[in-house]
Amino acid sequence: MNFIAALGRFVLEICAEIGRLCVFIKDSVWHCFAPPVYPRLIFDQMVRIGYNSLPVVGLTAFFTGGVLALQIYIGGTRFNAESLVSSIVALGITRELGPVLAGLMVAGRVSAAIAAELGTMRVTEQIDALATLSTNPFKYLVAPRVIAAVLCLPLLVVVADTIGIMGGYIVGTKSLGFNSTVYIKNTVDFLEFDDIFSGLVKSAVFGFIIAVMGCYHGYNSRGGAQGVGRATTNAVVSASILILSANYVLTSLLFSS
Amino acid sequence: MSEDLHIKMRDVRKAFGAKHVLNGINLDVPRGQSVVIIGGSGSGKSVMLKCILGILRADSGSIQVNGREVIGQSTSDQSEMLQHFGMLFQGAALFDSLTVWENVSFGLIQGKNMPRGEAKDIAMAKLAQVGLGSEVGELSPAELSGGMQKRVGLARAIAADPDVIFFDEPTTGLDPIMADVINDLIVKCVKDLGATAVSITHDMASARKIADKIAMIYKGEIIWEGDAIEVDASGNAHVDQFIHGRADGPIEMDVLKP
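Residues numbered from 1 in each chain as written. Chains lettered and ligands numbered in written order. Predicted model: local features only at pLDDT ≥ 70, side-chain atom pairs only at ≥ 80, totals over all residues. Heavy atoms only, no water.

Residues and elements named next belong to chain B. The computed volume of the second largest pocket comes to approximately 780 Å³. Along the walls of the second largest pocket sit 31 residues, with G40, S41, G42, S43 and G44 positioned nearest its centre. Going through the elements one at a time, β2 (19-30), α1 (45-53), β9 (213-218) and α10 (237-244) are the ones with two or more residues in the lining of the second largest pocket. The element best represented in the lining of the second largest pocket is β2, accounting for four residues. Among the residues forming the lining of the second largest pocket, the class breakdown is 10 nonpolar, 12 polar and nine charged. (1 Å grid on protein atoms, 1.4 Å probe; cavity = no way out; pocket = protein on both sides within 12 Å on 5 of 7 lines; lining within 4 Å. Points joined across faces, edges and corners; volume = space filled by probe spheres on them. Helix = DSSP H or I, 4+ residues; strand = E, 2+ residues; numbered from the N terminus. Nonpolar A, V, L, I, M, F, W, Y, C, P; charged D, E, K, R; others polar.)

In structure tokens, the structure reads:
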């Protein structure tokens, strides 16, 4: 009987959490469009989320492109399909690895930072202070982060795509013996606009997930330093899982059409 | 003739799950007076204050400010009401990412759309009013001592010349001398503005200094209220135990006896 009661409480708590998250997402989206807008805060967040993430995203993309070229070459030699290395690297990076890896890296970096910042503001009553100063915390704290993340992730993915393909090119031409001109020609000929566009659409959704999960867990954190730590962990874990889940759903939708 | 009430609370209740924090609060705050709410930790003081401000929504009852109902009011009405309020938080709650003067002028710039230059002049004047020099205005909150942070918090609370100022444990964590400095500043600022003040504290020295009226909250109810000078002869065993800081008495603390 105790087990059933515990299970029931767990299910009710899950339902309540989903409900709270839905309300939070609704409020976040509403405040992104309703005035006033804070351009300076959005720009500050774009620098923190986008510009400051460039090194980590660039390095990840470079090595992923290189490893991809090596793996495809090793697999391709079994079927005499080595010539497909450049095309598959470009396709893999633009459609999947660019947006997903950039999303996961930024989730680790930015979601945690947002949750820690807002969590600290919550436990030190700074969010309550905002409200008493006639400033809506959603508009001032949440909306600029969500807008900045949605705008920045596609830009980061463009960079990741470029560097990832370049990583594959360097490994392909310097280590695997491909002709430079042929490698570039194959890449350009094979890539279609939809391959890049689908990655950008995905990354905008990932940006939304990263910012919202960071803000949600930080905004609702409780219990001092331990609560802030828990919020940070939850933000990264939930953002990462949601990115991978959303990636599957978006891939199904984008490529079925 | 009935008293001119600035804040009127009737049967205000608030629970968090099964925990009932406010159990029917009734309180009158006359205009222009300084009312101090005393009570132990966990008695519901901060929740009561947050319900008046609208940061927390009371479950039932009535809270009127200037005759207007606070419970259930729209966000725009709440925002308009808060423009007439100032609040000094327990830990000052200064924004880490802003300089001291930006903290003080935050409500003027964001809430009242005042140009930054004009707001900065007012911020510096308010900082001077709480005994801080203009050089402090350019520092970040992390560079200030606890007492200075409280003074900056006070300057922020009075920056927009509010009608009502709330003080949440204004002297907690300060040494006795700095606590007295803050008490003097509170009395001076409230008098200068002609504002109504509502403070919550468990520091009796502070309560005696800043209060016109004192009310005691216990288990989510106001169990005694009267003029500050009457507190020593309240005839209420709970109040007597609290103001003398005795462990024995009708107030039971959640502490296991050894």
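Attention now goes to the pairing of strand β10 (residues 221-227) of chain B. All names here are of chain B. Pairing of β9 with β10, which is carried by six bridges, proceeds in the antiparallel orientation. Each residue of the ladder has a partner; that of I214, found in β10, is G226. The hairpin formed by β9 and β10 contains two residues between the paired strands, and K219 there has a positive phi angle of roughly 50°. (Pairing = 2+ DSSP bridges.)

Let us look at the sheet that holds strand β1 (residues 5-16) of chain B. All names here are of chain B. Read across the open sheet, the four strands follow the order β2-β1-β4-β5; overall the sheet is antiparallel. If you trace the sheet from one side to the other, it starts and ends with β2 and β5 (68-69), each paired once. As paired elements, strand β4 (residues 60-65) and β5 share two bridges and run antiparallel to each other. Opposite Q64, over in β5, you have E69 as the bridge partner.

Right, let's talk about the sheet that holds β9 of chain B for a bit. All names here are of chain B. Spatially, six strands are ordered β6-β7-β8-β3-β9-β10 in an open sheet, and the strand pairing comes out mixed. Each edge of the open sheet is held by one strand with a lone partner, namely β6 (85-88) and β10. Each strand axis lies, on average, 15° off the axis of its neighbour in the sheet, ignoring direction. Here five bridges tie strand β3 (residues 34-38) to strand β8 (residues 196-201), and the two strands are oriented parallel to one another. Bridged to S34 within β8 is A197. (Axes fitted to C-alpha atoms, helices over the stretch in contact; angles between N-to-C directions.)

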